[in-house]
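A closer look at the structure
Below, each chain spelled out in residue letters.
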Amino acid sequence: MHLSALNLYGQGILVSAALVLFTSFVMLAQTRIQPLIYAFAWQGALLSVTTALVALVSGHSHLYISALLTFGLKALLIPWMLYRMARRLHIQREVETVSHPSLIMLAGAVLVVFCYYVALPVAQLSTLVTRNTIAVSMATVLLGMLLMITRRAAVAQVIGFMSIENGLFFAAVASTYGMPMIVELGVAFDVLVAAVLFGIFFFQIRASIDSLDIDRLNRLSEKAE
Amino acid sequence: MMPLDLVLWLPLAGVLLLALVPDHRIAGRINVAVAAATFAASVWLAWNVLRTGPEMSPGKLFYIDAFNVYLVALTAFVGMTTAVFSRPYMEHEVGRGRVGRQRMRLYHAMYQGFLFAMLLALTTNNMGVLWVAMEAATLTTVLLVSLYRTPESVEAAWKYFILCGVGIAQALFGTVLLYFAAERRLGAEHGDTLLWSVLHNHAAQLDPAVLAIAFVFLLVGYGTKVGLVPLHNWLPDAHSEGPTPMSAVLSGLLLNVALYALVRVKMLVDGSLHTQLAGHLMMGFGLVSFLVAGLFLHRQHDIKRMFSYSSIEHMGLMTFAFGIGGALATFAALLHMTVHSLTKSAIFVTVGHAAQIAGTQQIEHIRGLILTQPPVGWGLLAGTLAIAGFPPFGVFMSEFLVLNATMKSWPWLTVPLLLGLVIAFAGLLRHLQPMVYGIPPAGQVRVRANMLPVAVHLALVLWLGLSIPLFLSGWFEQATRLISGGLSL
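Residues numbered from 1 in each chain as written. Chains lettered and ligands numbered in written order. Predicted model: local features only at pLDDT ≥ 70, side-chain atom pairs only at ≥ 80, totals over all residues.

As for the overall build of chain B
Helix and strand content of chain B: 19 helices and two strands. A compact globule built from 489 residues should have a C-alpha radius of gyration of about 23 Å, and chain B, at 21 Å, falls within 12% of that. Projected onto the principal axes, the alpha-carbon positions of chain B cover approximately 70 × 55 × 40 Å. (Helix = DSSP H or I, 4+ residues; strand = E, 2+ residues; numbered from the N terminus. Rg over C-alpha atoms; globule rule 2.2 N^0.38 Å.)

Topic: the overall build of chain A
Within chain A, the secondary structure is distributed over seven helices and zero strands. Along chain A, helices and strands appear, N-terminal first, in the series α-α-α-α-α-α-α. Each of the three principal axes of chain A carries a C-alpha extent, and together these read 60 × 35 × 35 Å. For chain A, the residues scored as buried account for 49% of the 225 residues in total. Taking all contacts inside chain A whose residues are at least 6 apart in sequence as the whole, residues at least 24 apart take part in 72%. (Buried ≥ 20, exposed ≤ 12 C-beta atoms within 10 Å, placed from the backbone. Contact = placed C-beta atoms within 7 Å.)

Section: the environment of A172 of chain A
Position of A172 of chain A among the secondary structure elements: in helix α6 (residues 154–176). Along the backbone, A172 of chain A and G59 of chain A are 113 residues apart, and their C-alpha atoms lie at a distance of 16 Å. Ignoring anything within four residues of it in the chain, the contact list for A172 of chain A reads G178 and M179 of chain A together with V176 of chain B.

Digging into the packing of helix α3 (residues 66–95) of chain B against helix α4 (residues 101–123) of chain B
Residues and elements named next belong to chain B. Close contact between α3 and α4 brings their axes to 10 Å; oriented N to C, the two are set at 170°. By the angle between their axes, α3 is roughly antiparallel relative to α4. On the side of α3, the interface is formed by N68, L71, V72, T75, G79, M90 and V94, while α4 contributes M104, Y107, L115, M118, L119, L122 and T123. Class assignment for the residues of the contact of α3 with α4 results in 10 nonpolar, four polar and no charged. (Axes fitted to C-alpha atoms, helices over the stretch in contact; angles between N-to-C directions. Parallel < 35°, antiparallel > 145°, perpendicular 65-115°, else oblique. Nonpolar A, V, L, I, M, F, W, Y, C, P; charged D, E, K, R; others polar.)

Things to note about the packing of helix α1 (residues 2–20) of chain B against α4 of chain B
All names here are of chain B. Running from N to C, α1 and α4 point in directions that differ by 160°, and their axes come no closer than 8 Å. What the angle tells us is that α1 and α4 run roughly antiparallel. Handedness of the crossing formed by α1 with α4: left-handed. In this structure, α1 uses L4, V7, L8, P11, L12, G14, V15, L18 and A19 to contact α4, whose residues at the interface are R105, H108, A109, Q112, G113, L115, F116, L119, L120 and T123. Per-class residue counts for the contact of α1 with α4 are 13 nonpolar, five polar and one charged. (Left-handed = near helix turned anticlockwise from the far one by under 90°.)

Concerning the interface of chain B and chain A
Each partner contributes residues to the interface: chain B has 38 residues there, and chain A has 37 residues. Elements with a contribution of two residues or more to the side of chain B that touches chain A: α5 (127–145), α6 (151–186) and α8 (208–226) of chain B. With 18 residues, α6 of chain B is the largest single contributor of residues to the side of chain B that touches chain A. Its residues placed into classes, the side of chain B that touches chain A shows 23 nonpolar, six polar and nine charged.

A look at helix α5 (residues 134–150) of chain A
A rise of 1.5 Å per residue sets the reference length of α5 of chain A, with its 17 residues, at 24 Å; its end C-alpha atoms lie 25 Å apart and thus fit the reference within 8%. Of all 17 residues in α5 of chain A, 15 are buried; the element is thus mostly enclosed. (Expected span 1.5 Å × (residues − 1).)

Quick look at the nonpolar core
Among the nonpolar cores identified, the biggest contains 263 residues, and M118, A121 and A321 of chain B are the most heavily contacted of them. Tallying contributions element by element places α6 of chain B first for this core, with 22 residues. (Core = buried A, V, L, I, M, F, W, Y, C linked by C-beta atoms within 7 Å.)

Quick notes on the environment of M283 of chain B
Residues and elements named next belong to chain B. For M283, the position within the fold is in helix α11 (residues 277–297). In the structure, M283 is positioned 228 residues away from E55 in sequence and 31 Å away in space, judged by C-alpha atoms. M283 has contacts with F320, G323 and I324, leaving out every residue within four places of it along the chain.

Now the structure itself:
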């Protein structure tokens with residue numbers, strides 16, 4: 001577990017994992033749409049670097065394919081789609097007002113500590129070089145959820161959703177060196193389809209409520225009429 | 001392995017074919033034909049399994065045993081009857097101008113895509129592919145929920161997408177943990193460590209601490225799709241705002257498939273933990289869903305919304321029964337899955353016609369159906385009585401068995417269970433009575449309605465209430481033995 005006992009690549013994995021977590025916090029703090037998309041792209045890129053490093057250390061060559069897939073999908077294609085969508089909807093410079101920004105950051109920090117606590121039994125069982133990053137991957141999932149909870153802009157919610165997917169992929173790499181190839185391809189396909197559907201939804205929401213503020217989607221609820 | 005291939009390839013071919021057919025009338029017929037062919041293939045598959053026992057595909061990617069074979073046949077059957085209903089119904093909707101031709105192409109292609117996703121989820125042996133198929137089932141239906149493009153339907157679809165997407169993400173995390181636990185014991189060399197059959201054989205060796213965490217994530221994930229309270233928020237919206245054939249297959253099939261996934265996971269966790277943790281969690285979630293949904297039935301104004309709460313209530317009851325876990329309770333839950341699916345899809349078909357007759361889904365404007373169009377009125381009456389648990393329908397039978405099992409193992413839980421049944425019964429009946437009897441308002445006109453699917457479904461439910469055919473009870477018993485761990489009835 002000691003950092004000094006790890007070789008250079010092992011330390012590299014830890015550093016890039018920490019950077020993935022860092023981008024999660026950047027997204028949590030970023031209220032402008034365009035930089036938010038950039039931060040998401042960076043997270044995808046860092047994730048694929050981490051995966052490639054794990055592949056190098058562990059000798060699991062199928063992880064190189066996963067790394068390439070992640071880079072293509074999460075760092076290039078999906079951010080590009082979101083960016084193009086934001087430009088077509090003229091929202092890329094919009095600033096969202098988030099209530100209690102400092103409290104959210106604190107909540108994020110608490111979540112990370114919580115994840116280390118939950119992941120402890122799993123990490124103790126693991127013998128992989130990536131065992132220290134299992135908690136980080138879990139934190140990425142929960143921070144993505146926190147992002148979705150605290151935002152009202154549809155684009156920010158989608159980025160939160162995709163960042164949860166990033167965390168899940170990371171968890172698979174960190175705890176088991178990736179899922180079987182067929183599952184990974186299936187998941188990647190689902191994510192791609194989801195991204196396309198989200199794009200369609202932006203236009204549908206815009207057409208129906210003339211805004212992309214999710215708080216204004218409030219016609220359906222269990223209130224007595 | 002011929003029939004299994006057909007069961008999966010037919011709907012997939014249907015997706016591609018229907019995406020290319022521009023005329024919605026022809027597409028409607030093709031949709032029925034493909035669904036019927038899929039059903040025929042599933043019967044062939046069931047026949048094979050009945051004769052020769054569980055089947056494993058050569059690549060071990062697919063596995064058919066007593067638990068999923070009848071669900072495959074049921075899914076294909078309801079898929080077929082709903083397609084029969086959907087053809088005139090959607091033509092009527094096109095006629096009213098609620099949906100354009102281009103969107104009908106999407107509708108038909110996605111209908112088959114949805115059937116494919118569910119059949120894949122049921123037949124696959126790989127826990128990862130199961131997750132992919134469950135997610136695909138969401139993706140194929142989300143655009144159908146917003147098919148009418150009204151602000152309400154777009155909101156419902158967005159809610160459905162986000163809640164189910166995030167929910168099912170938890171299930172993927174649980175699957176990763178499952179793989180982690182399996183890999184430590186079995187090694188990753190074969191690449192088949194995520195296969196359910198392999199996991200089930202080695203369940204006792206899997207680490208209990210990891211599996212307990214995994215189960216919580218999987219319960220939340222698949223539980224969202226089952227519609228367990230408090231993760232149910234998407235369900236009434238998605239069911240009430242989408243086109244009615246979609247409501248029928250979502251309620252009748254998707255919820256079943258999600259519960260199926262949950263029970264498969266429970267079998268693994270039970271084998272490893274040797275405690276009742278998984279069962280107790282499912283009982284808790286199930287009972288809360290059952291009671292809360294029953295209460296919500298009373299305050300509904302939208303007829304489709306009301307019946308979707310009834311679906312939550314019944315899924316809660318099934319989850320509760322699987323949670324109890326004894327042979328009797330499991331048998332009852334399996335039976336209830338079948339009869340609920342048949343009854344609920346029949347009800348939604350009838351409700352679709354009723355809403356077209358009245359021109360609205362608001363309960364207070366639907367009046368005197370029996371006078372306006374007797375088959376629809378009587379169909380709604382019979383269907384609602386069946387789902388409320390009136391004897392001699394099958395739902396009564398399975399609910400009675402659940403009650404029996406509860407009395408045996410958790411006597412004091414019979415009180416809330418009975419109370420919940422009465423509350424739900426009253427909730428359905430108070431809305432039903434004026435809708436079917438009452439005086440029809442002026443301007444209520446008859447519509448072209450095909451009540452054959454409803455009659456067939458309700459006849460089957462009645463038959464299952466009076467006597468369960470031997471082959472089906474054989475499967476139920478085998479599945480019960482499999483799920484409740486070697487106990488016989």
